[in-house]
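# A structural walkthrough
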Amino acid sequence: MWPFSSSPSYIDVSRKKQAQREDALRVARDVLREQVRDADPEPYLRATAQEIVHRISKGEWTASEVLDAYIARALLAQDVTNCLTEVLFAEARAQAKALDLEFAQTGKIRGPLHGVPVTFKDNFDIKGRDTTMGFSSHADDPRPEDALVVALVRQAGGIPICKTNLPQLIFFFECINPIWGCTLNPYSKAYSSGGTSGGESALLAMDGAALGWGTDIGGSLRIPASFCGIYSLKPGWSRVSMTGIQGTWPGFEGIRTVAGPMGRSVDDIELGARLVFGKQGAEYDPAPLPYREVEMPKKLRFGFYLSDNYVKPSPACQRAVRETVEALRRAGHECIEFELPQAKRAMELFIGITAADKYRTLSADLGGDPLEVGVMPLVLGPRLPGWLRNSCAWLISKLYKDEVFPDTMRATYGKSVEEYHRWVRERDDFTRMFYREVWDKYGFDGIIAPVLAMPGLPHGSVQYLSMLACMDLIYNLVESPVGAVPVTHVRPDADALTPEWTEGTHVGRGHGSAFLERLLYAPGGFYDAEKMAGLPVGVQVVGRRWEEEKVVEMMRVVDGALGPRGFGPLSWKAQGK
């Protein structure tokens, strides 16, 4: 730090913020310890958000009883995963008591979330609390108002209980930053909870809340949902207000960040979507399109693919798609395999557009904070001299006979305004092509797709593997709504590598970047079914633009077809090594 600076170092800020969090956690533990508990907390934790509201409306439960059960579980989740940032337990208890008094006096619930404990990714503003987003420069700056989504939750009787951790810059999927540290996967301490909504996913997976909220620009709602075994919905742009939801890219509209619900059941995803779709605040954002009822045909027509041909998914992730397709077929639905068009070009467009200013806006608030290694190659790559970047791309193409990843590298250069406009125009051309070649050509109701090539990532590996997000970000590029549904867990007996993965890109179908696949599947690679045993694996359920409600119903169809399989409230048992 500059010796004459009066600003505290990031280490000082981190210590202060974490101390504040620990004080709030200690108070919560003391309160729980002093209480005489007659009720078993399990029924509260096993209930979905909708069921909580129903039981409170019948006078069977109180908001305070429910809250205590979830606070206790959130404390456990923090101990196991380090998922919390701002802790609101004291305020939550006051709100729960007020709701109980109101119900006792009126016999009526306040709204569709009455008494439901709700959590938010750290970039959602909550009045009187910091929105640090992992930056020391954002500490000690309490927000003046709730984000509109938070305000809507309060109006509906929901109880905000805490905010959750996210990755530095909110642009890579290892949930770590210099202020709050690293969030672990609830199922294995050696693996990441994902990102960028990784703290939220870890907390929900351990039943630390009944409903949560995150954001997504390139997989941030879907990747952590799959890693942690929960449900999420990435809406298209302008279905959910972004007012009061902070980001690291003010003014950037090349790829839109969206907000969406996260939960432990499809019913809770629907409940969250119904609450916020089309609800406008003072900024007249979003589009005034409320949640609509959908009539679903008895027989749906799904497309599916096992690989996007950018990186061949692992056996576990392909099995999740196959099992979903088999279940849908048994339920009487039509499932047609097709080839996803031009995923490589989608990756180039996404990286080319987001890197146009060399990620200067994205990293503007770093100040004296150190750059996390996981995001370092992504941020620094566009700042390399062009000759060096192109030489590296050429070298990889020659050494590995790879023309997939090198073209992505070549796209990561700084661009003039005129070039940026051209890239955005090409984004629109790609979107039109995608709708023509997929939705119009095949007439699909929805698409079943892998979430990522890997069921989980070891800590520190994202610095090499950020491009795996191609499977997700293509749907941000074309503005498709997407749900994430948990399907299975990694099984070493079923998910071990075979020559199709280990013998190079000339064996089997669906291969892409030889360089990236070597990192995953060569001896000593990051994919190891034995070490990953028990990690959750999900799928994406993709719909057409403006058909978010249909996506929710298709998620319900998929969930029902798969049947009971160890996910949902109280499904988490223990964290592995």
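To keep things clear, this report deals only with the structure shown in the data block. (Residues numbered from 1 in each chain as written. Predicted model: local features only at pLDDT ≥ 70, side-chain atom pairs only at ≥ 80, totals over all residues. Heavy atoms only, no water.)

## Considering the side chain of Asp68
Mapping Asp68 onto the fold places it in helix α4 (residues 63-81). Looking at Asp68, its side chain comes within polar contact range of the side chain of Gln35, at 3.2 Å. Non-local contacts of Asp68, meaning those with residues more than four positions away in its chain, are made with Leu32, Gln35 and Arg93. (Helix = DSSP H or I, 4+ residues; strand = E, 2+ residues; numbered from the N terminus. Polar contact = N/O pair within 3.5 Å; in protein donor to acceptor, adjacent residues only side chain to side chain. Contact = heavy atoms within 4.5 Å.)

## So, the pattern of salt bridges
Under the counting rule described, the total for this entry stands at 46 salt bridges. As a salt-bridge pair, Arg239 and Glu549 come within 2.7 Å of each other at their nearest N and O atoms. Placement of the pair is Arg239 in the loop between β9 (231-234) and β10 (258-263) and Glu549 in helix α21 (residues 548-562), with a sequence separation of 310 residues. For Glu549, a relative accessible area of 2% gives the class buried. In the salt-bridge network here, residues are joined through shared partners; they are Lys344, Arg345, Glu348, Asp407, Arg410, Arg422 and Glu426. (Salt bridge = Lys/Arg side-chain N within 4 Å of Asp/Glu carboxyl O. Buried < 20%, exposed > 50% of the residue type's maximum accessible area, 1.4 Å probe, protein only.)

## Digging into the pairing of strand β15 (residues 536-542)
With 7 of 7 residues buried, β15 lies mostly within the body of the structure. Side chains Pro536, Gly538, Gln540 and Val542 of β15 all project onto a buried face; the interleaved residues Val537, Val539 and Val541 project onto the opposite face, where all are buried too. Bridging between strand β13 (residues 446-450) and β15 involves 4 bridges; their strand directions are antiparallel. Each residue of the ladder has a partner; that of Ile447, found in β15, is Val542. For strand β14 (residues 482-489) and β15, the ladder comprises 7 bridges, and the chain directions are antiparallel. Its bridge partner being in β15, Ala484 is matched across the sheet by Gln540. (Pairing = 2+ DSSP bridges.)

## A look at the nonpolar core
Of all hydrophobic cores here, the largest spans 181 residues; its most connected members are Phe89, Phe434, Ile447, Leu468 and Tyr475. Counting residues per element, this core draws most heavily on α4, at 10 residues. Once residues lying within four places of it in the same chain are set aside, the contact partners of Phe89 are Leu25, Ala28, Ile71, Ala74, Leu75, Leu84 and Ile161. (Core = buried A, V, L, I, M, F, W, Y, C linked by side-chain atoms within 4.5 Å.)

## Observations concerning the packing of aromatic side chains
Applying the stated criterion across every chain, the model contains 20 aromatic pairs. With centroids separated by 4.7 Å and ring planes inclined at 75°, the aromatic side chains of Tyr44 and Trp61 adopt a geometry described as edge-to-face. Highlighted residues: Tyr44 in helix α2 (residues 42-46) and Trp61 in the loop between α3 (49-57) and α4, separated in sequence by 17 residues. Note on Tyr44: relative accessible area 6%, which makes it buried. Taking 5.6 Å as the distance between ring centres and 50° as the angle between the ring planes, the aromatic pair formed by Phe338 and Tyr442 counts as tilted. With a gap of 104 residues between them, Phe338 in the loop between β12 (334-337) and α11 (343-354) and Tyr442 in helix α15 (residues 417-442) connect regions that are remote in the sequence. Taking the relative accessible area as the measure of exposure, Phe338 reaches 7% and is therefore buried. Judged by its relative accessible area of 23%, Tyr442 is partly exposed. These aromatic residues form a ring-pair network of at least three members: Phe171, Trp249, Phe252, Phe350 and Tyr359. One Lys or Arg, Lys415, reaches over the ring of Tyr413 and ends 4.0 Å from the middle of that ring. Directly above the ring of Trp423 sits Lys415, whose terminal nitrogen or CZ lies 4.9 Å from the centroid. (Phe/Tyr/Trp six-rings, centres within 6.5 Å; stacked < 30°, edge-to-face > 60°. Lys NZ or Arg CZ within 6 Å of the ring centre and 35° of its normal.)

## Observations regarding α21
With 15 residues, α21 ought to run about 21 Å at 1.5 Å a step, and its terminal C-alpha atoms sit 21 Å apart, in line with that. All of the buried residues along α21 are Glu548, Glu549, Lys550, Val551, Val552, Met554, Met555, Val558 and Leu562. Phi for Gly563, located one or two positions after α21, is positive at around 75°. (Expected span 1.5 Å × (residues − 1).)

## As for unusual backbone geometry
Thr196 follows Gly195 through a cis peptide bond whose omega is 15°. Relative to the helices and strands, Thr196 resides in the loop between β7 (188-192) and α7 (198-205). Asp285 connects to Pro286 through a cis peptide bond whose omega is 10°. Of note, Pro286 is situated in the loop between α9 (266-276) and β11 (301-304). A positive phi is found at Asp140, a non-glycine position, where the angle reads about 60°. Its place among the elements puts Asp140 in the loop between β2 (117-121) and α6 (148-155). Under the relative-accessibility criterion, Asp140 is labelled partly exposed at 48%. Phi at Asn309 takes a positive value of approximately 70°, unusual for a residue other than glycine.

## Quick word on the sheet that holds strand β3 (residues 159-164)
Across the sheet, 11 strands lie side by side as β1-β3-β2-β8-β10-β9-β14-β15-β13-β11-β12; this open sheet has mixed pairing. The sheet is open, and its two edges are formed by β1 (84-87) and β12, each paired on a single side. Averaged over all pairs of adjacent strands, the angle between their axes in this sheet comes to 30°, without regard to strand direction. Bridge count for β2 against β3 is 5 bridges, and the pairing is parallel. (Axes fitted to C-alpha atoms, helices over the stretch in contact; angles between N-to-C directions.)

## Considerations on the packing of α9 against α21
Where α9 meets α21, the axes come as close as 9 Å, and the angle between the chain directions of the two elements is 170°. Here α9 is positioned roughly antiparallel relative to α21, judged by the angle of their axes. Here Val266, Asp267, Ile269 and Glu270 of α9 come into contact with α21, specifically with Val552, Glu553, Met555, Arg556 and Asp559. Of the residues contributing to the contact of α9 with α21, the split by class is 4 nonpolar, no polar and 5 charged. (Parallel < 35°, antiparallel > 145°, perpendicular 65-115°, else oblique. Nonpolar A, V, L, I, M, F, W, Y, C, P; charged D, E, K, R; others polar.)

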